[in-house]
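Each chain is listed here by its residues.
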Amino acid sequence: MREQVKSGIVTRVLMALCSLFTVGAIGGVATVVSLLYYFGRDLPDYHALANYEPPIVTRAYASDGRLLAEFATEKRVYVPISTVPPRVIHAFISAEDKNFYTHPGVDIAGIVRAAVINVSHLHKRKVGASTITQQVAKNFLLTNEVSYTRKIKEAILSFRIERAYTKSQILQLYLNEIFMGSGTYGVAAASLEYFNRPLDELTLEETAYLAALPKGPNNYNPERHYEAALARRNWVIGQMVENSYATKTEGAIAMAKPITIVHRDSSQYANYPYFAEEVRRRLMELYGEKGLYEGGLIAHTSLIPEYQKIAEKALRNGLIGYDSRFGLHDAPVATIDVRGKWEEALGRVPHPAGIGDFNLAVVLDSGEKKATIGFSNGKRGIIPYDKMRWARKDGVTPARVSDLLRVGEVWLVEATDGKEGDKVIYWLRQIPHVQGGMIVMDPHTGRIFAIVGGFSYEMSQFDRATQAIRQPGSAFKPFVYLTGLENGFTPATLLMDAPFVFDQGPGLEKWRPKNYSDDFLGPTPMRVGIEKSRNLMTIRLASYVGMDKVSATAKRFGIIDDMPPLLSMSVGAGETTLLRMVTGYSAFVNGGKRVTPTLIDRVQDRNGKTVYVHDQTSCPDCGSLIAWDTQPTPEIPDTREQIADPRHMYQIVSMLEGVVQRGTGVLMKGIGRPIAGKTGTTNDSKDTWFIGFTPDILVGVYIGYDDPRPMGAKETGARVAVPVVKEFMEQALREVPPVPFRVPEGIRLVQINAQTGTRAKPGDAKDILEAFVAGTEPGDEPTMFTGHGINPVSDMTHAGEGADTGLGGLY
């Protein structure tokens, strides 16, 4: 009421001013001049409007052009007036300022008309007379204070703005600045928000609804105030007809149509929050908070939505599979009465965080072999015994379905592809306690195709793929073996797989590491040490080449910056992230080149100018639009830093292929394409890893509890993490032709005996094709590391425990 009174006072003041101008009284003119001088002092500089750059939404797009995310404090899409359809302009002029093109900033006739209406309708809502120019003055240069002082300043500024800017410029400011509800500013953003279409595709009734919003966006939200919204929209249509912007027939047809809000189709954008959050962090690093949320940037990312979708499903399945092996840890979500309208009761049950593809279902009937379940939409399904028998309680497997699932209980379920009659068959599910991370990367460029930071972003925004610092376990071993190759070893060099004791100093217990299998193979080719993930062979190799060199390798490949030179680090006791591990592994695949991981390919500013490009490769001989005239193809220089010998890289790749063919990653063998990789399992299986790759794609996974604790007996990387990578590669690479790993110059492929490391002879039972740097090919006699060096076996003296091995405290 107080605001209405003030508004009435302001209107009367302006009316009085108009009257003074009309009668031309000299005293009145003097008063007006005095008022203009008094209130015109120290007004904001309206010339600043010429440099108007409003906060604009920053958008990130997937590689296929779908919208990934929007970042903004004000959700606005800036559009120049030249691209705004005439119908939109006519609708807003009809609704807000019918004399816009004829008044000088303040509509005197409108003020008089409003005053007459307000006087004749004293007890009704007051009619305003502010022009579009006045609204620009208020929104850009003044405050929302309700007072005659602000109103007079607003009028003065409006006159000045009209003299400085064209009507089109003023309209452009107005249509881009106004608040339109639902967090949107400006007509373009509102068009997308309410109708999911650009301005030039809007119908007459849709355009009129947008023009109805500035008067009170919250009051005309059709989902809350439909009748008020409809009435206001139809009033706008009527004004457009009255002003000859639409015919009576067009207006009548438009008024007869309902207001239909069209929300954005989920298929039109890529809803992958872990990836989007990493993009947000990177943009924040590059451009700061203001640049990110107000800069109107366009970020083109490396996200491949199909890969991301497959990766999310694969990791979820892996976490569910592990979690199910340990039985039921959750109670029913709720219990409801199924004797009445159970569909409505079920619909009111809150969904647990992280539900994802799961659904809430209530048990309607439960027997020995199956339970009938119902959903809030009235549909029904079946949970057979084999889809819930995993749900052991206190170690006891339910003997029948009804032992666990009771009528009225609400459980999480997941649909299968099977049916029983017309009913879909469902799994009984629960939200896993275990977590994990997954990254899919191009090893040649560092472009990240997919990131999964956990079971559900809704449950936890912590990104375990990039932020979790974990022990890599045996997944670190390839860097130890690489250090050996760089210091004179070959894949065929024999290492002793035997008991190992390290004297840690006076008063300290001797360190006696063991193999996972707790057995010993004796003298064994180095290749087998990595294929079978033998701890003792790895530690002996690290002790010989020196942990300082192993630490330097870890730093060179970006795994751990300052790794302590302790022998336990050689078997993965250090801490790193999954992102660092996959980045380090990428050098194995690409021939020893350093790559920088990236999620953003290119960034453009609000004007479309490219301001950031990840790939800095240049082609000085390319020119522009070269016409081919039998000249040689321009060579694009490879500017990536060479951090290792390509020949040693291929040797590691070959050995890691053996992990898949004969070692701990053998589950991957069934995919039927060249794949290499390495498993990792830490002490007590607190972290489980697998990093696998083909010649052109690299996938890394780790799984473990956020608060590290043992995952259980035999829960290794081979059992927990490998199936996740396998599922991803089977689906993602289904249509991709297999290609072999690329062999660099200087490598000799020699057929050797897999047990002795010597050249293969006719009749050998186990022989493999081994990669050697030219000049290091084996002879007919095996070579073995003894502690004094790498020597032919015929020169080796076997040392027992306590003998002089040249290893100091090692024996």
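Since the model is a prediction, treat every value here as computed from it, not as a measurement. (Residues numbered from 1 in each chain as written. Predicted model: local features only at pLDDT ≥ 70, side-chain atom pairs only at ≥ 80, totals over all residues. Heavy atoms only, no water.)

Colleague: I'd like a rundown of the packing of aromatic side chains, residues and numbers included.
Modeller: Aromatic ring pairs are described here by two measures, namely the spacing of the ring centres and the angle between the planes. Taken as a whole, this structure holds 24 aromatic pairs when the rule is applied. Relative to F449, the ring of Y307 lies with its centre 5.9 Å away and its plane at 65 degrees, an arrangement referred to as edge-to-face. Taken together, the positions of Y307 in helix α13 (residues 305-324) and F449 in strand β14 (residues 448-452) put the pair 142 residues apart, joining distant regions of the chain. For the pair Y322 and Y705, a centre-to-centre distance of 6.2 Å together with 70 degrees between the ring planes defines the contact as edge-to-face. One end of the pair, Y322, is in helix α13; the other, Y705, is in the loop between β21 (698-704) and α21 (717-720), and 383 residues separate them in sequence. One exposure class covers both Y322 and Y705, and it is buried. Pairwise contacts between aromatic rings join F476, F479, F557, Y585 and F588 into one cluster. The lysine or arginine in question, K167, covers the ring of F100, its NZ or CZ lying 4.6 Å from the ring centre. Stacked on the ring of F358, the Lys or Arg R316 has its end atom at 5.3 Å from the ring centre. (Phe/Tyr/Trp six-rings, centres within 6.5 Å; stacked < 30°, edge-to-face > 60°. Helix = DSSP H or I, 4+ residues; strand = E, 2+ residues; numbered from the N terminus. Buried < 20%, exposed > 50% of the residue type's maximum accessible area, 1.4 Å probe, protein only. Lys NZ or Arg CZ within 6 Å of the ring centre and 35° of its normal.)

Colleague: Run through helix α17 (residues 535-545), naming residues and quoting values.
Modeller: The buried count for α17 comes to 10 of 11 residues, which makes it a mostly enclosed element. Buried residues of α17: N535, L536, M537, T538, I539, R540, L541, A542, S543 and V545, and no others. Packed against the buried residues of α17 are α15 (477-485), β15 (494-497), β16 (522-525), α16 (526-531), α18 (547-556) and β24 (783-785). Positive backbone phi, at 100 degrees, marks G546, one or two positions downstream of α17. (Contact = heavy atoms within 4.5 Å.)

Colleague: Tell me about the nonpolar core, and name the residues and values.
Modeller: L68, F557, Y585 and F588 are the most contacted members of the largest nonpolar core, which totals 82 residues. Broken down by element, this core gets its largest block of residues, 8 residues, from helix α19 (residues 578-590). Those residues in contact with L68 that sit more than four places away from it in its chain are A60, Y61, A62, A270, Y272, F275, A276, V279, T301 and L303. One finds I56, V79, L230 and M240 within the second-largest nonpolar core, a separate group that totals 60 residues. (Core = buried A, V, L, I, M, F, W, Y, C linked by side-chain atoms within 4.5 Å.)

Colleague: I'd like a rundown of the environment of R348, residues and numbers included.
Modeller: Within the secondary structure layout, R348 lies in the loop between α14 (342-347) and β8 (359-366). What makes R348 exposed here is its relative accessible area of 62%. Along the backbone, R348 and S376 are 28 residues apart, and their C-alpha atoms lie at a distance of 8.9 Å.

Colleague: Give a description of the sheet that holds strand β3 (residues 75-76) that names residues and reports values.
Modeller: Strands sit in the order β3-β5-β4 across an open sheet of 3 strands; the sheet is mixed. Here the strands that pair on one side only, and so sit at the sheet edges, are β3 and β4 (179-181). (Pairing = 2+ DSSP bridges.)

Colleague: Now, about the pattern of salt bridges: what can you tell me, with residues and values included?
Modeller: In this structure the tally under the stated criterion is 39 salt bridges. We note a salt bridge from K593 to D638, for which the minimum N-O separation is 3.8 Å. Remark: D638 occurs in the loop between β18 (610-613) and α20 (646-662) and K593 occurs in the loop between α19 and β17 (600-604); sequence separation between them is 45 residues. Look at K593 and you get buried, because its relative accessible area is 15%. Judged by its relative accessible area of 42%, D638 falls in the partly exposed class. A salt bridge links E730 to K726, with the nearest nitrogen and oxygen atoms 2.6 Å apart. Taken together, the residues E730 and K726, both in helix α22 (residues 722-732) and 4 residues apart, mark about one turn of the helix. Residue classification places E730 among the partly exposed residues on the basis of a relative accessible area of 34%. The exposure class of K726 is buried, given its relative accessible area of 18%. Connected via shared salt-bridge partners are E277, E278, R280 and R281. (Salt bridge = Lys/Arg side-chain N within 4 Å of Asp/Glu carboxyl O.)

Colleague: Break down the confidence of the model for the protein for me, citing the residues and quoting the values.
Modeller: Of the residues in the protein, 88% reach a pLDDT of 70 or more, and the chain-wide mean stands at 88. Scored below 50 in pLDDT, residues 1-11 makes 8 contacts in the model with residues more than four places away or belonging to other chains. Scored below 50 in pLDDT, residues 794-811 shows 29 contacts in the model against residues more than four places distant or in partner chains. (pLDDT = per-residue confidence, 0-100.)

Colleague: Quick rundown of the environment of A311? Include the residues and the values.
Modeller: Along the chain, the position of A311 falls in helix α13. Since its relative accessible area comes to 0%, A311 is described here as buried. With 390 residues separating them in the primary sequence, A311 and V701 have C-alpha atoms 9.9 Å apart. When residues no more than four places from it in sequence are discounted, the contact partners of A311 are M438, V440, A450, V452 and F728.

Colleague: Summarise the sheet that holds β21; cite the residues concerned and give the values.
Modeller: Strand order in the open sheet formed by 5 strands is β14-β13-β21-β20-β19, with antiparallel pairing between adjacent strands. In this open sheet, the two strands that pair with only one neighbour each are β14 and β19 (676-681). Pairwise comparison of adjacent strand axes, ignoring direction, gives a mean angle of 5 degrees for this sheet. Sheet topology places strand β13 (residues 435-441) next to β21; 7 bridges connect them, and they run antiparallel. Along β21, the bridge assignment pairs G437 with Y702. Sitting on the sheet, α20 touches β19 and β20 (688-693), and the angle it makes with β19 is about 70 degrees. This element, α22, spans β13, β19, β20 and β21 of the sheet and lies at about 145 degrees to β21. (Axes fitted to C-alpha atoms, helices over the stretch in contact; angles between N-to-C directions.)

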